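# Fold and contact review
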Amino acid sequence: TPPLLGKDGVEYDPYNSPHVEGDVLALIVNGESVSSAALDDVVEVILPKTGFYIEAGGQVNDEGYIRSVGAGSPRPVEWEIEITAVRRAAAGIITHIGQVISGQPKVGDKAAAEVNMTRRHNIMRNHTATHLLHKALHQVLGEHARQAGSLVAPTHLRFDFTQPDAMTPEQIDRVEKMVNEAIAADMPVVKATKSLDEAKKEGAMALFGEKYGETVRTISILEDEDDKFSYELCGGTHLDRTSDIGAFIIVSEGS
């Protein structure tokens, strides 16, 4: 029989696959592999492929649902698991962690994994906003104000940066205004995968302490065809245009 997973394990594509279908390869309850799970069980589910983002680079993991895919049309849903966490359990193994909210999932069942795209879109709004904020901090405080951590969540963002003293109220106002002007400019956000060497030669900003492979994902925010407003190495999920962020408000600054 062919192996259930390819040589690289669970296929991971958080950028293009918010909905994936595949057989349930394994169910884990209380650390034990089981053939089926019951209502209210907290369960880990392994599928051949996932589009759920795994927490990385400050961006929180996706949430959503895994549901059975019935035969026939319309395809009846026999069970449902609400997914609240995703993790790399081992090399090549990605598990979706959640609670059975209806029915009895079984190994071998056909299933569909669906990312909560409203929540994901809010995360994307905040992640693209961090790139605009990073650029504005450079322009107002200087190039030394480099990212040193962040939290990108659906409700808000937190941005950590290196700076020897507190920002003045006037500097905070200037940064906020610049970010909102960049949002209003409706700039395209371009995602590209290229070699690390090529990205660095082009001037893409790498984050201190991050580990990068030979191939990297780059995020360019373009003022026009030849001019980048912002250019960073980033594995996170982003909008297609800055205007989708909406309003940007700085609610606090501290050390």
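I will try to describe carefully the structure that is included in this document.

Here the focus is the pattern of salt bridges. On inspection of all chains with the given rule, the structure shows 12 salt bridges. Here Arg87 ties to Glu44 by a salt bridge, and the two come within 3.2 Å at their closest N and O atoms. Remark: Glu44 occurs in strand β5 (residues 42-46) and Arg87 occurs in strand β8 (residues 80-90); sequence separation between them is 43 residues. On the basis of relative accessible area, Glu44 is assigned to the buried category, the value being 16%.

On to the sheet that holds strand β15 (residues 227-233), then. The sheet built from three strands is open, its strands ordered β13-β14-β15 with antiparallel pairing. Unpaired on one side and paired on the other, β13 (189-195) and β15 mark the two borders of the sheet. Between one strand axis and the next, the sheet turns by 30° as a mean value, whatever way the strands run. Relative to the sheet, helix α1 (residues 117-141) contacts β13, β14 (215-224) and β15, its axis offset from that of β15 by approximately 115°.

With that settled, the discussion passes to the sheet that holds strand β2 (residues 19-23). Taking strand neighbours across the sheet as the criterion, the eight strands line up as β2-β10-β7-β8-β9-β5-β3-β4 in an open arrangement whose pairing is antiparallel. The two strands at the open ends of the sheet, each matched to only one other strand, are β2 and β4 (32-34). Sheet twist, expressed as the average angle between the axes of neighbouring strands with direction ignored, equals 35°. By the bridge criterion, four bridges tie strand β7 (residues 64-68) to β8 in an arrangement that is antiparallel. Across the sheet, residue Ile66 finds its bridge partner in β8, namely Ile81.

Right, let's talk about the environment of Ala182 for a bit. By secondary structure assignment, the location of Ala182 is in helix α2 (residues 169-184). As for Ala182 and Ser150, which are separated by 32 residues in sequence, their C-alpha atoms are 20 Å apart. When near neighbours in sequence (up to four residues on either side) are disregarded, Ala182 contacts Leu132, Met187, Phe229 and Thr242.

Moving on: the side chain of Lys194. Inspection of the secondary structure puts Lys194 in strand β13. On the basis of relative accessible area, Lys194 is assigned to the buried category, the value being 17%. In this structure the side chain of Lys194 is engaged in a polar contact, spanning 2.9 Å, whose partner is the side chain of Glu202. There is a polar contact of 3.2 Å between the side chain of Lys194 and the side chain of Tyr231. Setting aside anything within four residues of it in sequence, one finds Lys194 in contact with Ala199, Glu202, Glu214, Thr215, Val216, Thr218 and Tyr231.

How each quantity is defined
Residues numbered from 1 in each chain as written. Predicted model: local features only at pLDDT ≥ 70, side-chain atom pairs only at ≥ 80, totals over all residues. Heavy atoms only, no water. Salt bridge = Lys/Arg side-chain N within 4 Å of Asp/Glu carboxyl O. Helix = DSSP H or I, 4+ residues; strand = E, 2+ residues; numbered from the N terminus. Buried < 20%, exposed > 50% of the residue type's maximum accessible area, 1.4 Å probe, protein only. Pairing = 2+ DSSP bridges. Axes fitted to C-alpha atoms, helices over the stretch in contact; angles between N-to-C directions. Contact = heavy atoms within 4.5 Å. Polar contact = N/O pair within 3.5 Å; in protein donor to acceptor, adjacent residues only side chain to side chain.

By themselves, these observations are geometric and do not establish any function.
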